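Chain by chain, the residues:
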Amino acid sequence: TIFVDGMIAKITDGWNVGILIFLVMLGIMVSLMNKVGGSAAYGRWAATKIKSRKGAMLSTLALGVLIFIDDYFNCLTVGSVMTPITDAKKVSRAKLAYIIDATAAPICMIAPVSSWAAAVSEFTKGTGYSGIELFVRAIPYNFYSLLMIVFVISIILMKFDYGPMKIHEFNAMTKGDLYTSGSDDVEKAESVEANPKGKVIDLILPVIVLVIISIIGLLYVGEF
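No experiment lies behind these values; they were computed from the predicted model shown.

Here is what the cut-offs are and how they apply
- Residues numbered from 1 in each chain as written.
- Predicted model: local features only at pLDDT ≥ 70, side-chain atom pairs only at ≥ 80, totals over all residues.
- Heavy atoms only, no water.
- Helix = DSSP H or I, 4+ residues; strand = E, 2+ residues; numbered from the N terminus.
- Buried < 20%, exposed > 50% of the residue type's maximum accessible area, 1.4 Å probe, protein only.
- Contact = heavy atoms within 4.5 Å.
- Areas by Shrake-Rupley, 256 points an atom, 1.4 Å probe, with all protein chains shown as cover.
- Lys, Arg positive; Asp, Glu negative; His and termini not counted.
- Charge placed at Lys NZ, Arg CZ, Asp CG, Glu CD.
- Core = buried A, V, L, I, M, F, W, Y, C linked by side-chain atoms within 4.5 Å.
- pLDDT = per-residue confidence, 0-100.
- Expected span 1.5 Å × (residues − 1).
- Bend = angle between axes of the 7 residues up to and from the residue.
- Polar contact = N/O pair within 3.5 Å; in protein donor to acceptor, adjacent residues only side chain to side chain.
- Phe/Tyr/Trp six-rings, centres within 6.5 Å; stacked < 30°, edge-to-face > 60°.

### Some details on the overall build of the protein
Right, on to step 1. Along the backbone of the protein there are 12 helices and 0 strands.
Right, on to step 2. Put simply, the protein runs from its N terminus to its C terminus through helices and strands in the order α-α-α-α-α-α-α-α-α-α-α-α.
Right, on to step 3. Reported as C-alpha extents along the three principal axes, the dimensions of the protein are approximately 55 × 45 × 40 Å.
Right, on to step 4. Each of the 224 residues in the protein was classed as buried or not, and the buried ones make up 34%.
Right, on to step 5. In the protein, 76% of the contacts between residues at least 6 apart in sequence involve partners at least 24 apart.
Right, on to step 6. Summed over all atoms, the accessible surface of the protein reaches about 13,400 Å², with 70% contributed by carbon and sulfur.
Right, on to step 7. Averaged over its 19 positive side-chain charges, the protein has a centre that lies 12 Å from the centre of its 18 negative ones.

### Looking at the nonpolar core
In globular proteins that are soluble, nonpolar side chains generally tend to be buried together.
Right, on to step 1. Formed by 22 residues in total, the largest nonpolar core has its most connected members in Tyr42, Leu63, Phe73, Val78, Val81, Met82 and Ile85.
Right, on to step 2. Every element with two or more residues in this core is listed here: helix 2 (14-36), helix 3 (38-49), helix 4 (53-66), helix 5 (71-88), helix 6 (93-109) and helix 12 (201-221).
Right, on to step 3. At 5 residues, the largest contribution of residues to this core is made by helix 5.
Right, on to step 4. Leave out the neighbours within four places in its chain, and Leu63 touches Val78, Val81 and Met82.
Right, on to step 5. Listed in part, the 8 residues of the second largest apolar core include Met57, Leu61, Ile99 and Ala102.

### Describing the confidence of the model for the protein
Right, on to step 1. For the protein, the average pLDDT comes to 86, and 94% of its residues sit at 70 or higher.
Right, on to step 2. Mean pLDDT values for the elements of the protein range from 60 in helix 11 (residues 184-189) up to 96 in helix 9 (residues 143-158).

### What about helix 5?
Right, on to step 1. Here helix 5 contains 18 residues, and its C-alpha end-to-end distance of 25 Å stays within 8% of the 26 Å for a straight helix at 1.5 Å per residue.
Right, on to step 2. Along helix 5, the sharpest kink reaches roughly 45 degrees, centred on Met82 and followed within four residues by the proline Pro84.
Right, on to step 3. Along helix 5, the positions that sit buried rather than exposed are Asp71, Phe73, Asn74, Thr77, Val78, Gly79, Val81, Met82, Thr83, Ile85 and Thr86.
Right, on to step 4. Elements in contact with the buried residues of helix 5: helix 2, helix 3, helix 4, helix 6, helix 7 (115-122) and helix 12.
Right, on to step 5. Between the side-chain oxygen of the N-cap and the backbone nitrogen of Tyr72 there are 2.9 Å, and the N-cap of helix 5 in question is Asp70.
Right, on to step 6. Just past helix 5, the residue Lys90 takes up positive phi, approximately 60 degrees.

### Considerations on the packing of aromatic side chains
Within a pair of aromatic rings, the relevant descriptors are the distance that separates the centres and the angle that separates the planes.
Right, on to step 1. Here the structure, examined in full by the defined rule, presents 2 aromatic pairs.
Right, on to step 2. On the basis of an interplanar angle of 45 degrees and a centroid distance of 5.6 Å, the ring pair of Tyr42 and Trp45 is categorised as tilted. Pair noted here: Tyr42 and Trp45 are both in helix 3, with a separation of 3 residues, about one helical turn.
Right, on to step 3. Looking at Tyr42, the relative accessible area reads 15%, which means it is buried.
Right, on to step 4. Considering the side-chain rings of Phe160 and Tyr162, the 5.7 Å spacing of their centres and the 35 degrees angle between planes classify their relative orientation as tilted.

### Describing unusual backbone geometry
Right, on to step 1. The backbone of Lys90 sits at a positive phi, close to 60 degrees, despite the residue not being glycine.
Right, on to step 2. Its place among the elements puts Lys90 in the loop between helix 5 and helix 6.
Right, on to step 3. One non-glycine residue, Lys159, adopts positive backbone phi at about 55 degrees.
Right, on to step 4. Its place among the elements puts Lys159 in the loop between helix 9 and helix 10 (164-175).
Right, on to step 5. For Lys159, a relative accessible area of 65% corresponds to the exposed category.

See the structure below:
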């Protein structure tokens, strides 16, 4: 039952296979941007502009808002780009992961041109409204997304942490320990040799092209 009705049924489902292929392609793109040196170049440029921990976290939030096309791509890209900057400002990896995750899905859930909008539109047929119209009308009532963004901004500005996050941030600021629970596996996964001649455009151009093509693709599939 687990294999036939569970794994095989899900893996052979066209929608799920499409998501898997989409994620693999995004992962390849992010890996290429890192290898070419685009992410590192952006990190070096941003390091000259961002002077504080608060600035690093707000920049992470801002970049997450800008990449609204898809939450998966948002997490992959913002994580790769902002890690060197937040590391330099002693922001714990737990806090970085939280800011990225708490921005990615909420911003995509209230962006009319996103993979979320396309998915919701597909499942709201027969409601009396077009899918996108219903999605836009529902934005003011999407309290999770709206309040989560407000909450993230608030804890950054007020420098407020609680629970396990407080421990992670304390260790990062006082001991320089960005991981608290161990860094060996993370450092091993991040050991990618980047091209030292990489430029910021090597990061910006692929993202811009992806966003433009994605928007055109969504409009094309929806017959404009």
